[in-house]
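The chain contents come next:
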Amino acid sequence: MASSSAIPPLLLLSLFPFLPLNAASNVTLGSSLSATSDNNPSWVSPSGDFAFGFRQLNNTDIFLLAIWYAQLPDRTILWQASTTSPVQAGSNIELTASGLSLTDPNGLTIWSVQPNSTVSYGTMLDTGNFILSGTNTDVYAWQSFDYPTDTILPTQILPLGGMLYSKLSATNYTKGRFELHFTNGDLQLNPIAWPTEHPYTNYYNSGTASPNSSRSGFQLVFNQSGEVYILLEDGSNFQFINWQSILPNSNNYYRATLDFDGVFREYACAKSSDGNQSWSVVGYIPKNICADLINKDYGSGACGYNSYCVANGASIRCNCLPGFSYIDPNNENGGCAPDFPPNCEVDNGIGNPEDVYELKELQNINFPFGDYDMLGPYNSTVQCGQACLQDCNCAVSIFNGEYCWKKRLPMSNGRQEAALAFVKVMKGVISLMVFSRRQRKSRKDINDSSVFETNLHVFTFEELKKATEEFKEELGRGSFGIVYKGVVKYGSKIQVAVKKLDKLSQGGEKEFKAEVTAIGRTHHKNLVQLLGYCYEGPHRILVYEFMSNGSLANFLFGIPRPDWYQRVQVALGIARGLVYLHEECTTPIIHCDIKPQNILIDKLFIPRISDFGLAKSLELNQTRTHTGIRGTRGYIAPEWFRNVPVTVKVDVYSFGVMLLEIICCRKSVTQEFEHEERAILTDWAYDCFREGTLDALVENDDAAMNDIETLRGWVMTAICCVQEDPLQRPAMSTVLRMLEGHVEVPSPI
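Here is a short report on the structure shown in this document. Along each chain, the written sequence defines residue order, and numbers are assigned to residues from 1. This being a predicted model, a pLDDT of at least 70 is required before a residue's local features are given, and a value of 80 or more before pairs of side-chain atoms are given or counted; all residues contribute to the totals for chains, interfaces and linings. Working from all heavy atoms in the structure, the side-chain values ignore hydrogens and water.

So, the overall build of the chain
Consideration 1: Where helices and strands are cited, they refer to DSSP runs of H or I of at least four residues and of E of at least two residues respectively, numbered from the N terminus. Within the chain, the regular secondary structure consists of 15 helices and 44 strands.
Consideration 2: Per-residue burial for the chain yields a buried fraction of 52% across its 749 residues.
Consideration 3: Contact criterion: two residues are considered in contact whenever any of their non-hydrogen atoms come within 4.5 Å of each other. Counting only contacts in the chain whose residues sit at least 6 apart along the sequence, the fraction spanning at least 24 positions is 56%.
Consideration 4: Using the Shrake-Rupley algorithm and a 1.4 Å probe, accessible areas are obtained, with residue cover drawn only from the displayed protein chains. Accessible surface, the chain: about 34,200 Å² in total, of which carbon and sulfur atoms supply 48%. A 1.4 Å probe rolled over the protein chains alone gives each residue an accessible area, and that area as a share of the maximum for its type sets the label: buried under 20%, exposed over 50%, partly exposed in between.

In structure tokens, the structure reads:
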């Protein structure tokens, strides 16, 4: 709707672009910044609110040349240089009289700014705008505000012809699936035929394009008070529906971002310094992207193929159908793929489909397009489900109370709607022999069918040989085999870690069976996902999702020391994963080898427990098991050496040791210290707690000392976990509640 407050356009224009520099620290000619993991200096605004420089991504060796909020814990990125991909460590940005030049480690230019006038200096302004000043002081030679990526800020204007583009996912800054265009007087949101730049029909438009030019949209304005609106040619404002009224608050940051899910949102965040700031939504368009982003002819919809969208106010959730999994586990908006082979490939019209498949019902879910058959009228839901079950081409049937529509894969535009969906999925236990026959494999390759009671994908050896370029790039090695990096077709091409176990090794055979059995039936955000395996002839190979940020060991024991609050979240995630293994699995699992090398870190910096090769499953009603000594020196519980049955408490002991490593950022056993009493971390931590010298454990870590109550409670919890008597150790669920502050920690003294 349009408001009556009229501001002359030329006067409004004069308010924004040329704000005073507020005694900004100018960046002089010849200044440069380098992308390094150890120390990343930046050019900071006078208030310290914004920084320009190389923003390291999740402790990896890749960086963005970017502008970010320097005072927020997550250092939210609001602008990035339009390079084709993130840059490597060793890249360099330099300011000269000609402009800005970004070079790779070999000195090759990969991005540059070359204004028409000679540059005098650069400045990171308190508005979030990085500018280059020329000899003409009335105008900027160049400013980042003229080249927005996915975000605009207060005092920034998007003129006619301006655009924003989303990133691909929460952690992938590649150009994504959505664009915002301000064109012909109209604000429009368009889905993109990614990875091309071809736009589909818009799913939102402001309706401000008018034959009467005086009522047509002129600029998208984000004023200094935090209001976002369209300025019309006659000087009046068009306000967006669903946008809250903003009360000017100088203690807030504001930004408006075209997010990776296609929603254009305005956010506010308090400028406090308690380290707990978070962004809250104050306005968004469209009203419901699940319903509005519908394209009958092309595209997948808001959530990708084979997924359905559920809106909850400003946020959306993308859900896979039963029997389907996210193509990219780290991008829930990227679509889903079936966990079983195509229907017709498996049964080929032979036998009774009910022996192989079952129907899962979803209430109020519809896929409105892509029908290949319509049946009815039916007076029973059973008829619609059975029609799909008996047709190997049918993946889903939709019943509206009278008619039944059959659908093949892939399905698009899934959303909540008055309908009943029948999803055809393979029954819980997949027989490898059925699958192998379709791949013309011999029965003699299978020597223990119990290994295959999972829903995992079965890879051939040739597939994995090709995926790893003949096992070319080694990621690491353990006692049972070597892990290689690869790329497989799993719905779409994804990176994987391929664990090739030693052939003919009895230990390797046990390792293979233990890992498939233990992790193949589990699913938790803090466990590494096993995607599939190869059990062909002598080859025993496991295929995992690839974890781009390496192991917890690399994270903890590198330089610089990771942030205290980041370490806190990592420890909590590991604890939650162990609670799941011990208490929430159908068959409880003892991992038996918890240590930093077996905790991997994903793109979102979520810890994932991995390497289940030594894992031991407990039968129902069983709490302990006899087994040979397992684990790694420094993390092994004392009962391993007593020839007594072990319980889940051996994992609790190992977690306690590792928790101290997370707190202190040092290894559990080391000879690097001058004083011998520091060599064994568990002993030294107890001494420090008893003597009241916790500061020694976290030397020079101000964030940890400022959170002293948490630090003290966590050290006490770790000491409880490493008690010699396993009966004195708490269960992992109790450990988690201790860490979260919900349960009082008993004093170890």
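After that view of the structure, there is still more to cover.
A closer look at helix α4 (residues 381-389)
Because each turn of an α-helix spans 3.6 residues, side chains separated by three or four positions in sequence point in the same direction.
Consideration 1: Buried within α4 we find C384, G385, A387, C388 and L389.
Consideration 2: At its buried positions, α4 is contacted by β30 (357-366), β31 (371-375), β32 (396-399), β33 (404-407) and β34 (414-426).
Consideration 3: By the criterion applied in these results, polar contacts are pairs of N or O atoms within 3.5 Å in which, for protein atoms, one can donate a hydrogen and the other can accept it, and in which residues neighboring in sequence qualify only through two side-chain atoms. Of the residues flanking the start of α4, the one acting as N-cap is S380, its side-chain oxygen 3.1 Å from the backbone nitrogen of V382.

Observations concerning helix α15 (residues 732-740)
Consideration 1: Buried within α15 are the following residues: M732, S733, V735, L736, M738 and L739.
Consideration 2: On its buried side, α15 packs onto α9 (564-584), α10 (649-664) and α14 (708-721).
Consideration 3: G741 occupies a position one or two residues after α15 and carries a positive phi of about 85°.

A short note on the pattern of salt bridges
Consideration 1: Definition used for salt bridges: Asp or Glu carboxyl oxygen within 4 Å of a side-chain nitrogen of Lys or Arg. Per the stated rule, a full pass over the model turns up 17 salt bridges.
Consideration 2: Ionic pairing is found between D371 and K407, a salt bridge with its closest N-O pair at 2.1 Å. With D371 in strand β31 and K407 in strand β33, this pair connects stretches of sequence that are 36 residues apart.
Consideration 3: Taking relative accessible area as the criterion, K407 reaches 2% and is therefore assigned buried.
Consideration 4: We note a salt bridge from E417 to R415, for which the minimum N-O separation is 2.8 Å.
Consideration 5: Taking relative accessible area as the criterion, R415 reaches 15% and is therefore assigned buried.
Consideration 6: Ionic contacts of the salt-bridge type, sharing partners, join the residues D259, D261 and R265 into one network.

Let's talk about the nonpolar core
Consideration 1: With 55 residues, the main nonpolar core has L552, I574, L581, I609, F655, I663 and L697 as its most contacted residues.
Consideration 2: Those elements that provide at least two residues to this core are α8 (552-557), α9, β42 (599-601), α10, α11 (681-691), α12 (694-697), α14 and α15.
Consideration 3: Of the residues forming this core, the biggest block, 11 residues, is contributed by α9.
Consideration 4: In this view, I663 contacts W564, R567, V698, L711, W714 and V715; residues no more than four positions away in its chain are not counted. As used in this record, nonpolar core signifies buried Ala, Val, Leu, Ile, Met, Phe, Trp, Tyr and Cys residues forming a set joined through side-chain atoms within 4.5 Å.

What to know about the state of the cysteines
In protein chemistry, a disulfide is the covalent bond that joins the sulfur atoms of two cysteines.
Consideration 1: In this description, the term disulfide denotes a pair of cysteine sulfurs within 2.5 Å. Scanning the entire structure with this criterion turns up 5 disulfides.
Consideration 2: Between the sulfur atoms of C290 and its disulfide partner C309 the distance amounts to 1.9 Å. Looking along the S-S bond of the C290-C309 disulfide, the torsion reads about -60°, which is the left-handed sense. One end of the pair, C290, is in helix α2 (residues 289-292); the other, C309, is in strand β26 (residues 307-312), and 19 residues separate them in sequence. The burial state of C290 is the same as that of C309; both residues are buried.

Thoughts on the sheet that holds strand β23 (residues 252-258)
Consideration 1: Think of it this way: DSSP has to see at least two bridges between two strands before they count as a pair. Taken together, 4 strands build an open sheet; the order of strands is β14-β23-β24-β25 and the sheet is antiparallel. In this open sheet, the two strands that pair with only one neighbour each are β14 (151-152) and β25 (280-285).
Consideration 2: Bridge count for β14 against β23 is 2 bridges, and the pairing is antiparallel. Along β23, the bridge assignment pairs T151 with T257.

As for the sheet that holds strand β17 (residues 175-183)
Consideration 1: Strand order in the open sheet made by the 4 strands is β16-β17-β18-β19, with antiparallel pairing throughout. Unpaired on one side and paired on the other, β16 (163-167) and β19 (204-205) mark the two borders of the sheet.
Consideration 2: Strand direction decides the pairing type here: β16 and β17, joined by 4 bridges, are antiparallel. Bridge pairing links L164 to L180 in β17.

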